[in-house]
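Chain residues, written in single-letter form:
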Amino acid sequence: MLTRRSLLAAVVAAAAAIPRRRVVAQVSVPAFSYPIGLPGRVLGDGFVIRHGYATENTWYNPGWLHTGEDWYAIEGDTAGAAVFAIADGEVVFAGSDYPGPVVIVRHAPDLFSMYGHLAYDLPVETGQRVARGARVGTVLSRTDGRAPSHLHFEIRTFLTIPEVNGEAPRYGVGCGFQCPPGPGYWPIDAPEHPSALGWRNPTHAINTPAATGMEPRVPAEVVVASGVEVEVSVSPRAGAGEGTGVRLPLVSGERYPLLDIDTGPVASTPTSAEGYGLWYRLALPDGDAGWVEGAVPTDDETGSDGRPSSIRFLLLPLLAGA
Ligand SMILES: [Zn+2]
């Protein structure tokens, strides 16, 4: 029987059992890495998210929200670009024709990453364990004329659920009975946002700081993305409208120590690229520190309501081993 006294004893014992968190210097690292990269470049560099999470692609599927991110090379054809596992995990699906096969990796019982429109010569198979950064495919050279070559990338909590891609697809867009890849889109006028079903904002999920108390695989830095040459304002707080008055010129290839990350909710609920939030706290050359925006919405593509669907990266995490 649980008496007040035994309850207290249990609480004290539990508290004593919690290991003291090892204090590491003020450093945060992203939980995962980006899913695509060019040879000799930091992961994600040279790419734009042309259609972001929960945005509308007016020329491909008007009236629907995207359940992932479409990654395109900024210059040239995306076909042939290498696609990498964002974290350690097990390949739980490799197949379908999207067009091009789809690879799904399980990182935890309720966390999956999905890589779509891959070339047919997959380097992985179902049941295989993959490490973070392992190549899981290359981008398919699209010849179907429906869309240029690109990576469709999702993070979500499920492999199949009845109403999305299980026995009772609600909108008839399933790829078949218990078909893991799923529709890739969810109706704008559906009663719930894709996040309510279990899809996640990939950029937010990747940039969520890794669990505290872990020794980061660092020193963590960010690098200014290729082609970026802008002056940004340095803010005292993430997302702050007002700057410190300090302006920071970002020059391609320059690196800054990464001190902290503030990113939007993993289950984000906006329906345009304006809903993305990604801020990095950097150590600055003058010895100060401040928050700088790491990615910005752009109107490279917009939804039918005129709001931006695209995201460009200004800063990319440079992780040891990435
Ligand atoms: Zn897509």
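Going by the structure above, here's the rest.
Now for a description of the structure that goes with this document. These figures come from a predicted structure and were not determined experimentally. (Residues numbered from 1 in each chain as written. Predicted model: local features only at pLDDT ≥ 70, side-chain atom pairs only at ≥ 80, totals over all residues.)

In spatial order, the strands read β1-β5-β10; together these 3 strands make up an open sheet with antiparallel pairing. This sheet does not close on itself; its edge strands, each paired only once, are β1 (36-37) and β10 (135-138). Where strand β5 (residues 82-84) lies against β10, 3 bridges are found, and the strand directions are antiparallel. Each bridged residue has a counterpart across the sheet, and for V83 the counterpart in β10 is G137. (Pairing = 2+ DSSP bridges. Helix = DSSP H or I, 4+ residues; strand = E, 2+ residues; numbered from the N terminus.)

The next subject is the nonpolar core. Among the nonpolar cores identified, the biggest contains 62 residues, and V83, V103, Y115 and V292 are the most heavily contacted of them. Excluding residues that lie within four positions of it along the chain, V83 makes contacts with P35, I36, Y115, L118, R135, V136, G137, T138, V139 and L151. Core analysis: the next-biggest nonpolar cluster, separate from the first, contains 6 residues, Y53, A54, W64 and L65 among them. (Core = buried A, V, L, I, M, F, W, Y, C linked by C-beta atoms within 7 Å. Buried ≥ 20, exposed ≤ 12 C-beta atoms within 10 Å, placed from the backbone. Contact = placed C-beta atoms within 7 Å.)

Now for the sheet that holds strand β19 (residues 289-293). Spatial strand order, β19-β18-β17-β14-β22: 5 strands in an open sheet with antiparallel pairing. In this open sheet, the two strands that pair with only one neighbour each are β19 and β22 (315-318). If you compare each strand with its neighbour and ignore which way they point, the axes differ by 45 degrees on average. When strand β14 (residues 221-224) meets β22, the two strands line up antiparallel, connected through 4 bridges. Directly across from V223, in β22, lies its bridge partner L316. (Axes fitted to C-alpha atoms, helices over the stretch in contact; angles between N-to-C directions.)

As judged from the 5 bridges shared by strand β20 (residues 295-302) and strand β21 (residues 308-313), these two strands associate in the antiparallel manner. In the sheet register, P297 faces β21, and the bridge partner there is I311.

Time to look at unusual backbone geometry. Here the amide bond leading from Y98 into P99 is cis, since omega sits at 10 degrees, within 30 degrees of zero. Checked against the element boundaries, P99 lands in the loop between β6 (89-95) and β7 (102-108). The backbone of A54 sits at a positive phi, close to 60 degrees, despite the residue not being glycine. Structurally, A54 is set in the loop between β2 (47-51) and β3 (64-66). A54 gets classed as buried once you count the C-beta atoms within 10 Å, which come to 26.

Keep in mind these values describe shape, not function.
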